[in-house]
Amino acid sequence: FLTLYSCLLIKQNYFTLALIILLISSFTDFLDGFVARKLQCQTLFGKKLDPIADKFMVIVTVFVFSPLISLGILVTEIVGRELSTKLREKKRDHIIAPGSKFITFFQMTLLCALLLNRIINDSKNQNTTEWIILILLLYSSFRRFLIYKKKFLEFYQTRLKNKPPNYMIDDRFSTVANYITLCGLF
């Protein structure tokens, strides 16, 4: 609820209060994982819910600033999440890609930078700095997607090495069929 409250404050131009709420929300994201590891009370539900909550915070907050960038982040995060889910199903474990936690931290920092930019510029209109931050948020989601894609392809390449030679799947990402599928999304 902190994320939604922060977005409501942004819409009403209470950027300083929204920043404080967002910082609290970001801190609770760090705190829940720290406490779960420290007290050894990690659960499968928590491991699945935490990344969803992170992405919800990023997507909903960015939506207040730019619905189009938010849509781009949503698509890349969903596709990346789908790849990681398939990989976890195949490997039968919960994988957090290296760098994914850093990307989440980077995204939370960028969200705070968005609000700081609004506080400093005291403007309702988007400026160049805000667009740069929004594009960096989109790029960070794309980087997370590339991490998941790489791990997914590594898994299937090792799997292909263990299969008989007559079993062949083209594991390239850039194929005509994949581009047709991507065009269907838009």
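See above for the structure.
Note that the coordinates shown come from a computational prediction; the quantities given were computed from them, not determined experimentally. (Residues numbered from 1 in each chain as written. Predicted model: local features only at pLDDT ≥ 70, side-chain atom pairs only at ≥ 80, totals over all residues. Heavy atoms only, no water.)

Undergrad: Would you mind showing me how to read the overall build of the protein here?
TA: The number of helices and strands found in the protein is seven helices and zero strands. Secondary structure elements in the protein, listed N-terminal to C-terminal, are α-α-α-α-α-α-α. Evaluated residue by residue, the protein yields a buried proportion of 37% over its 186 residues. In the protein, 70% of the contacts between residues at least 6 apart in sequence involve partners at least 24 apart. A total accessible area of about 11,900 Å² is found for the protein, and carbon and sulfur atoms account for 68% of it. (Helix = DSSP H or I, 4+ residues; strand = E, 2+ residues; numbered from the N terminus. Buried < 20%, exposed > 50% of the residue type's maximum accessible area, 1.4 Å probe, protein only. Contact = heavy atoms within 4.5 Å. Areas by Shrake-Rupley, 256 points an atom, 1.4 Å probe, with all protein chains shown as cover.)

Undergrad: Even after reading the chapter, I still don't get the packing of helix α2 (residues 15–38) against helix α3 (residues 44–65), so can you show me in this structure?
TA: Angle between the axes and distance between the axes: these two values describe a pair of packed helices. The N-to-C vectors of α2 and α3 enclose an angle of 165 degrees; their axes lie 11 Å apart at closest approach. Considering their axes alone, α2 and α3 lie roughly antiparallel with respect to each other. You can see that α2 and α3 cross each other, and the crossing is left-handed. On α3, the residues touching L22, S25, S26, D29 and D32 of α2 are D50, D54, M57 and T61. Residue composition of the contact of α2 with α3, by class: two nonpolar, three polar and four charged. (Axes fitted to C-alpha atoms, helices over the stretch in contact; angles between N-to-C directions. Parallel < 35°, antiparallel > 145°, perpendicular 65-115°, else oblique. Left-handed = near helix turned anticlockwise from the far one by under 90°. Nonpolar A, V, L, I, M, F, W, Y, C, P; charged D, E, K, R; others polar.)

Undergrad: I would appreciate a short explanation of the packing of aromatic side chains in the present structure.
TA: When we look at a pair of aromatic rings, we describe it by the centre distance and by the angle of the planes. According to the stated counting rule, one finds two aromatic pairs in the structure shown. Ring plane angle 45 degrees and centroid distance 6.2 Å describe the contact between F27 and F30, whose orientation is recorded as tilted. You can see F27 and its partner F30 sitting in helix α2, three residues apart, about one turn around the helix. Assessed through its relative accessible area of 48%, F27 is described here as partly exposed. By relative accessible area, F30 is classed as partly exposed at 48%. (Phe/Tyr/Trp six-rings, centres within 6.5 Å; stacked < 30°, edge-to-face > 60°.)

Undergrad: In this structure, what is going on with a nonpolar patch on the surface? I would like to understand it.
TA: Taken together, the side chains of L2, Y5, L8, Y14, L17, I20 and I24 present a nonpolar region at the surface, about 630 Å² in accessible area. Going through the elements one at a time, α1 (2–11) and α2 are the ones with two or more residues in the nonpolar patch. Position of Y5 among the secondary structure elements: in helix α1. Overall, Y5 belongs to the partly exposed group, its relative accessible area being 38%. (Patch = residues over 30% accessible without salt bridge, like charges linked within 9 Å, V, L, I, M, F, W, Y side chains within 5 Å. Salt bridge = Lys/Arg side-chain N within 4 Å of Asp/Glu carboxyl O.)

Undergrad: Would you take a moment to explain the pattern of salt bridges for this structure?
TA: When the charged atoms of two side chains with opposite charge come close together, those side chains can pair. A complete count under the given rule lists one salt bridge for this structure. Linking R118 and E130 is a salt bridge whose minimum nitrogen-to-oxygen distance equals 2.8 Å. With a gap of 12 residues between them, R118 in helix α5 (residues 100–121) and E130 in helix α6 (residues 128–161) connect regions that are remote in the sequence. In this pair, the class of R118 matches that of E130, namely buried.

Undergrad: Before we go on, may I ask you to explain unusual backbone geometry in this structure?
TA: Comment: phi is negative for the bulk of residues other than glycine, and the bulk of peptide bonds are trans. The phi dihedral of N13 falls on the positive side, at around 65 degrees, and the residue is not glycine. Here N13 shows up in the loop between α1 and α2.

Undergrad: I would appreciate a short explanation of the environment of S140 in the present structure.
TA: Examined against the element boundaries, S140 turns out to sit in helix α6. Counting along the chain gives 63 residues from S140 to E77, while the straight-line C-alpha distance between them is 9.9 Å. Setting aside residues no more than four positions away along its own chain, S140 makes contact with I103, F106 and Q107. A polar contact of 3.0 Å, which involves the side chain of S140, links it to the side chain of Q107. (Polar contact = N/O pair within 3.5 Å; in protein donor to acceptor, adjacent residues only side chain to side chain.)

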